[in-house]
Structures are given as structure tokens and as C-alpha cells.
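Chain by chain, the residues run as shown.
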Amino acid sequence: MQVLVRDNNVDQALKVLKKKMQREGIFREMKLRRNYEKPSERRAREKAEAVRRARKLERKRLEREGF
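Participant: Looking at this structure, I do not really get the overall build of the protein. What am I missing?
Facilitator: Looking only at helices and strands, the protein features three helices and zero strands. Tracing the protein from N to C terminus, the helices and strands come up as α-α-α. For 67 residues, the compact-globule estimate of 2.2 N^0.38 gives 11 Å, and the protein exceeds it by more than 25% at 18 Å. The C-alpha extent of the protein, read off along each of the three principal axes, is 50 × 40 × 15 Å. Among the 67 residues that make up the protein, the fraction classed as buried is 4%. Carbon and sulfur atoms provide 50% of the accessible area of the protein, an area that totals close to 6900 Å². Placing the 23 positive and 11 negative side-chain charges of the protein at their respective mean positions leaves the two points 2 Å apart.

This is the structure we're talking about:
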């Protein structure tokens, strides 16, 4: 990942870099990789995340349709 520093403004470049990393999910992945996660725990977590995403999409769809 690359960010250009303009006018020696490192703070602005860091802000842009952090935003890009957040969007890509790098911070979340780093947090998950800090500790070992058993394969069974990983499957359970991923399944729970999928259920959460599906419910959220369903809620948004219902809200959009006016129910």
C-alpha cells in the first residue's frame, strides 16, 4: 500500500494511510492474528459473522421496502 506525502505533510499522509488500511480490513486481521485461533473457533466465528451479515442485509431490505 502506498500513500504520497504532499508538502511534507506527514500527518495528513498517515491519516490517509490509516483510512486505506481500515477500508481493507488490515487492522482487523492484525488483531485476529495476535493470538492463535483454533480451526474450530475460526469456523464458528466466520459462521457467526456470516449470520450477522445476512441478518443486517435482511433488515436493510425490509426497511427499504417499508415493512
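That shown, we press on.
Participant: Before we go on, may I ask you to explain helix α3 (residues 39–65) in this structure?
Facilitator: For an α-helix, the turn length of 3.6 residues means that residues three or four places apart are oriented alike. Between its first and last C-alpha atoms α3 spans 39 Å; for 27 residues at 1.5 Å apiece the expected length is 39 Å, and the two agree. Positive phi shows up at Gly66, right after α3, with a value of about 90 degrees.

Participant: What should I look at first to understand unusual backbone geometry in this one?
Facilitator: Most peptide bonds are trans, and most residues other than glycine sit at a negative phi. The phi dihedral of Asp7 falls on the positive side, at around 55 degrees, and the residue is not glycine. Positive phi, close to 55 degrees, is recorded for Asn8, a residue that is not glycine. With respect to the helices and strands, the residue Asn8 is situated in the segment before α1 (10–24).

Participant: Before we go on, may I ask you to explain the pattern of salt bridges in this structure?
Facilitator: Note on pairing: side chains with opposite charge can pair once their charged atoms come close. Evaluation of the coordinates by the stated rule reveals seven salt bridges. In this structure, Arg33 and Glu29 form a salt bridge, with 2.9 Å as the shortest nitrogen-oxygen distance. Remark: Glu29 and Arg33 occur in helix α2 (residues 26–33); sequence separation between them is four residues, near one turn of the helix. A relative accessible area of 41% places Glu29 in the partly exposed class. The partner of Glu58 in a salt bridge is Arg61, and the shortest N-O contact between them spans 2.4 Å. Separated by three residues within a single helix, Glu58 and Arg61 lie in helix α3, roughly one turn from each other. Residue Arg61 is classed as partly exposed on the basis of its relative accessible area of 31%. Salt bridges linked by common partners bring Arg28, Glu37, Arg45 and Glu49 together as one network.

Participant: I tried to follow a nonpolar patch on the surface on my own but got confused; where do I start?
Facilitator: Together, Val5, Val10 and Leu14 make up a nonpolar patch on the protein surface, roughly 250 Å² of accessible area in all. Tracing the backbone through its elements, the reader meets Val10 in helix α1.

Calculation rules
- Residues numbered from 1 in each chain as written.
- Predicted model: local features only at pLDDT ≥ 70, side-chain atom pairs only at ≥ 80, totals over all residues.
- Heavy atoms only, no water.
- Helix = DSSP H or I, 4+ residues; strand = E, 2+ residues; numbered from the N terminus.
- Rg over C-alpha atoms; globule rule 2.2 N^0.38 Å.
- Buried < 20%, exposed > 50% of the residue type's maximum accessible area, 1.4 Å probe, protein only.
- Areas by Shrake-Rupley, 256 points an atom, 1.4 Å probe, with all protein chains shown as cover.
- Lys, Arg positive; Asp, Glu negative; His and termini not counted.
- Charge placed at Lys NZ, Arg CZ, Asp CG, Glu CD.
- Expected span 1.5 Å × (residues − 1).
- Salt bridge = Lys/Arg side-chain N within 4 Å of Asp/Glu carboxyl O.
- Patch = residues over 30% accessible without salt bridge, like charges linked within 9 Å, V, L, I, M, F, W, Y side chains within 5 Å.

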